[in-house]
Amino acid sequence: MTAAHDPTLFNEDLAPIPMSKRTWGLYNYASLWVAMSVCIPTYMLASGLIAGGMSWWQAIGTILLGNLIVLVPMLLNAHAGARYGIPFPVFVRASFGVKGANVPAVLRALVACGWFGIQTWIGGQAIYSMLVILWPSTSDLQGGIWICFFAFWALNIFVIWRGIETIKFLEGIGAPFMLGIGLLLLWWITRKAGGLGPVLSAPSKFKTAGEFMKFFIPSLTGMVGFWATVALNIPDFTRYARSQRDQALGQTLGLPAAMTLYSFIGVAVTSASVVLFGEAIWDPVALIGRFHQPLVAFIALVAILVATLNTNVAANVVSPSNDFSNLNPRLISFRTGGFITGIVGVLMMPWRLLSDFSAYIFGWLVGYSGLLGPVAGVMIADYFIVRRRSLNVDDLYRRGGEYEYSRGVNPRALVSLLAGVVVALLGLAIPVLRWLYDYAWFVGFAVSAGSYVLLMSGRRSGQSSGQRLSLAEEPALPQETMERGRN
């Protein structure tokens, strides 16, 4: 590198990825999204909309629209990762300052910890249900669900300890397997229910357009909030991209298609549960437990475990591991950050977040979207409007440089973030302004982005000073690294 880096801001896990080590292609990004989308929270997202009263096509349309919307900030934030090879907590230093970046990084990390806990709880439930079906006497084991929960927790930690290449391998083989299993489950249960006709014939429970919109608006916000987490930390993955085209096209092909297809499976299977049992069973583990066929249950629950492990380590561990490492790079490595994620995920008591579909969608998803939408607003406004995609990578890793602001903190970014969060969550305290909360991600994004552009006006001309791309592994060829990184 061309300038001495600060050890409080740098370690090997946070360093830019040189072009020689950027090996992820279009298939890797498409399969990443298939593997992350084909998971039980996606299934429960769709089935929760059915349980709330939507018809199958209303639920699928809501999910598709939400994912097309969140794809936009996803691709915008992904650009910096692919161009400069930097992870999310380093990228966010440009807008919040080299020390102020810890605020949005920790916000993102805490949400990811909550998701880690949710996925791990689902995996533990799946193991327990599988054991009960195969060996009914297991139900007499005191604390059996907790033993299974912590066993699955330990499996996740093991994968984390193996590192990012193990995650890449899991995503590559897991994506096609999980889609096949999902389609097999769909075929099996709709066959028992008499085909897709009876399954998809149930009408919407909403009598008027007003009733529908009252449910649709916060649901759409929840759909955007579902991937609002990864929309922030997507540079953690695109920093490994061979080119901008590979990551952008791979994500565009993978995210909306995979989410919509697997959501349809959730919608159809939940609708089939109404035909078979007279009630919408939104939890797939509970649904599978209704069928006393060990072979079917075993295959389905193994699939749940693979899907949950895939999504957990990719979507809920990579980012917080880097975020926690950013707090103190000298003491916290990627592995240590992953272990911290696992501990905090348990402490957040995920079993309560999954108590019912309302708490899951309108409490958890919409609530945290009001925190992450403002972060995305500041990041995107800074990179594309204030800086016009030009970053000084050296200064992202040292004190006293371009991103020092005021003692390492950009107060304008923090004020903009706070403004977005307050306005987005104001509807929780003032009933007449409930619509602000229903649109939490959108409101927070717009308020923070607008505030940031106004506060930063006049501070920059859009071009950073100094060397744009360095910190390459091959320090003798910084210019070559720079030119290739701009592709």
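Residues numbered from 1 in each chain as written. Predicted model: local features only at pLDDT ≥ 70, side-chain atom pairs only at ≥ 80, totals over all residues. Heavy atoms only, no water.

**So, the overall build of the protein chain**
Secondary structure summary: the protein chain contains 23 helices and 0 strands in total. Counting all 487 residues of the protein chain, 60% fall into the buried class. Sequence separation of 24 or more characterises 85% of the internal contacts of the protein chain that already satisfy a separation of 6 or more. Accessible area for the protein chain stands at about 18,000 Å²; split by element, carbon and sulfur atoms hold 67% of it. (Helix = DSSP H or I, 4+ residues; strand = E, 2+ residues; numbered from the N terminus. Buried < 20%, exposed > 50% of the residue type's maximum accessible area, 1.4 Å probe, protein only. Contact = heavy atoms within 4.5 Å. Areas by Shrake-Rupley, 256 points an atom, 1.4 Å probe, with all protein chains shown as cover.)

**Regarding helix α1 (residues 26–37)**
Taking 1.5 Å of rise per residue, 12 residues should cover 16 Å, and α1 covers 17 Å from first to last C-alpha, within 8% of that figure. The element α1 is largely enclosed, with a buried count of 10 among its 12 residues. Looking at α1, one finds that the buried residues are Asn28, Tyr29, Ala30, Ser31, Leu32, Trp33, Val34, Ala35, Met36 and Ser37. (Expected span 1.5 Å × (residues − 1).)

**Here we look at the confidence of the model for the protein chain**
Note: predicted coordinates in regions of low pLDDT should not be interpreted at a detailed level. Of the residues in the protein chain, 86% reach a pLDDT of 70 or more, and the chain-wide mean stands at 82. Every residue in residues 461–487 is under pLDDT 50, and counting partners more than four places away or in other chains gives 59 contacts. (pLDDT = per-residue confidence, 0-100.)

**Considerations on the environment of Ile69**
Checked against the element boundaries, Ile69 lands in helix α3 (residues 56–84). Taking C-alpha positions, Ile69 is 6.9 Å from Val224, a pair spaced 155 residues apart along the chain. Leave out the neighbours within four places in its chain, and Ile69 touches Leu220, Val224 and Phe442.

**Focus: the side chain of Thr62**
Mapped onto the elements of the fold, Thr62 is located in helix α3. Taking relative accessible area as the criterion, Thr62 reaches 1% and is therefore assigned buried. Among the polar contacts listed, one links the side chain of Thr62 to the backbone oxygen of Gln58, at a separation of 2.8 Å. (Polar contact = N/O pair within 3.5 Å; in protein donor to acceptor, adjacent residues only side chain to side chain.)

**A few points about the nonpolar core**
Judged by nonpolar contacts, the single largest core of 130 residues is most densely connected at Ile86 and Trp227. Per-element accounting of this core gives the leading share, 12 residues, to helix α6 (residues 102–134). Every residue in contact with Ile86, bar those within four places of it in the chain, is listed here: Pro16, Ala80, Gly81, Phe91, Pro235, Arg239, Leu391, Val393, Leu396 and Tyr397. (Core = buried A, V, L, I, M, F, W, Y, C linked by side-chain atoms within 4.5 Å.)

**Here's the deal with helix α22 (residues 440–456)**
Between its terminal C-alpha atoms α22 stretches 24 Å, which fits the 24 Å expected from 17 residues at 1.5 Å a residue. Once α22 finishes, Gly458 follows within two positions and takes phi at roughly 90°, a positive value.

**With respect to the packing of helix α7 (residues 144–162) against helix α17 (residues 334–347)**
One way to put it is that α7 packs onto α17 with a least axis distance of 9 Å and a crossing angle of 160°. Put simply, α7 runs roughly antiparallel to α17. For the crossing formed where α7 meets α17, the hand is right-handed. In this structure, α7 contributes Phe149, Phe150, Trp153, Ile157, Ile160 and Trp161 to the contact, and α17 contributes Phe334, Arg335, Gly338, Phe339, Gly342, Ile343 and Val346. Tallied by class, the residues present in the contact of α7 with α17 amount to 10 nonpolar, 2 polar and 1 charged. (Axes fitted to C-alpha atoms, helices over the stretch in contact; angles between N-to-C directions. Parallel < 35°, antiparallel > 145°, perpendicular 65-115°, else oblique. Left-handed = near helix turned anticlockwise from the far one by under 90°. Nonpolar A, V, L, I, M, F, W, Y, C, P; charged D, E, K, R; others polar.)

**Some details on unusual backbone geometry**
In this structure, Arg389 is a non-glycine residue whose phi angle is positive, near 70°. Looking at where Arg389 falls in the secondary structure, it is placed in the loop between α19 (357–386) and α20 (411–429). On the basis of relative accessible area, Arg389 is assigned to the partly exposed category, the value being 38%. Despite not being glycine, Tyr405 shows a phi value in the positive range, around 50°. Positionally, Tyr405 belongs in the loop between α19 and α20.

**Some details on the packing of aromatic side chains**
For the coordinates displayed, the defined rule picks out 25 aromatic pairs. Between the aromatic rings of Trp121 and Phe149, the centroid separation amounts to 5.4 Å while the plane-to-plane angle is 65°, which identifies the pairing as edge-to-face. With Trp121 in helix α6 and Phe149 in helix α7, this pair connects stretches of sequence that are 28 residues apart. By relative accessible area, which is 0% here, Phe149 ends up buried. Their ring planes at 75° and their centres at 5.9 Å tell us that Phe206 and Phe212 sit as a pair that is edge-to-face. Judged by relative accessible area, Phe212 falls into the buried class, the value being 18%. By way of ring pairs, the aromatic residues Trp33, Trp115, Phe226, Trp227 and Tyr368 are connected into one cluster. Lying over the aromatic face of Tyr397, Arg93 brings its terminal NZ or CZ to 5.5 Å of the ring centre. (Phe/Tyr/Trp six-rings, centres within 6.5 Å; stacked < 30°, edge-to-face > 60°. Lys NZ or Arg CZ within 6 Å of the ring centre and 35° of its normal.)

**Regarding a nonpolar patch on the surface**
On the surface, a nonpolar cluster with roughly 510 Å² of combined accessible area is contributed by Leu184, Trp187, Leu295, Phe298 and Ile299. Elements with a minimum of two residues in the nonpolar patch: α8 (164–192) and α15 (294–315). Considering every element that reaches the nonpolar patch, the biggest residue donor is α15, with 3 residues. Following the sequence through the fold, Trp187 ends up in helix α8. (Patch = residues over 30% accessible without salt bridge, like charges linked within 9 Å, V, L, I, M, F, W, Y side chains within 5 Å. Salt bridge = Lys/Arg side-chain N within 4 Å of Asp/Glu carboxyl O.)

**Remarks on the packing of α1 against helix α13 (residues 244–277)**
One way to put it is that α1 packs onto α13 with a least axis distance of 7 Å and a crossing angle of 25°. Taken together, the axis directions place α1 and α13 in an arrangement best described as roughly parallel. Handedness of the α1/α13 crossing: right-handed. Between α1, through Leu26, Tyr29, Ala30, Trp33, Val34 and Ser37, and α13, the contact on the second element is made entirely by Arg245, Asp246, Gln247, Leu249, Gly250, Gln251, Leu253, Gly254, Leu255, Ala258, Met259 and Tyr262. Across the contact of α1 with α13, the residue classes break down as 11 nonpolar, 5 polar and 2 charged.

**A closer look at the pattern of salt bridges**
One pass over the full model with this rule turns up 7 salt bridges. The salt bridge partner of Glu402 is Arg387, with a shortest N-O separation of 3.4 Å. Taken together, the residues Glu402 in the loop between α19 and α20 and Arg387 in the loop between α19 and α20 connect sequence positions 15 residues apart. Here Arg399 makes a salt bridge to Glu404, at a shortest N to O gap of 2.7 Å. The network of salt bridges with shared partners includes Arg242, Arg245 and Asp246.

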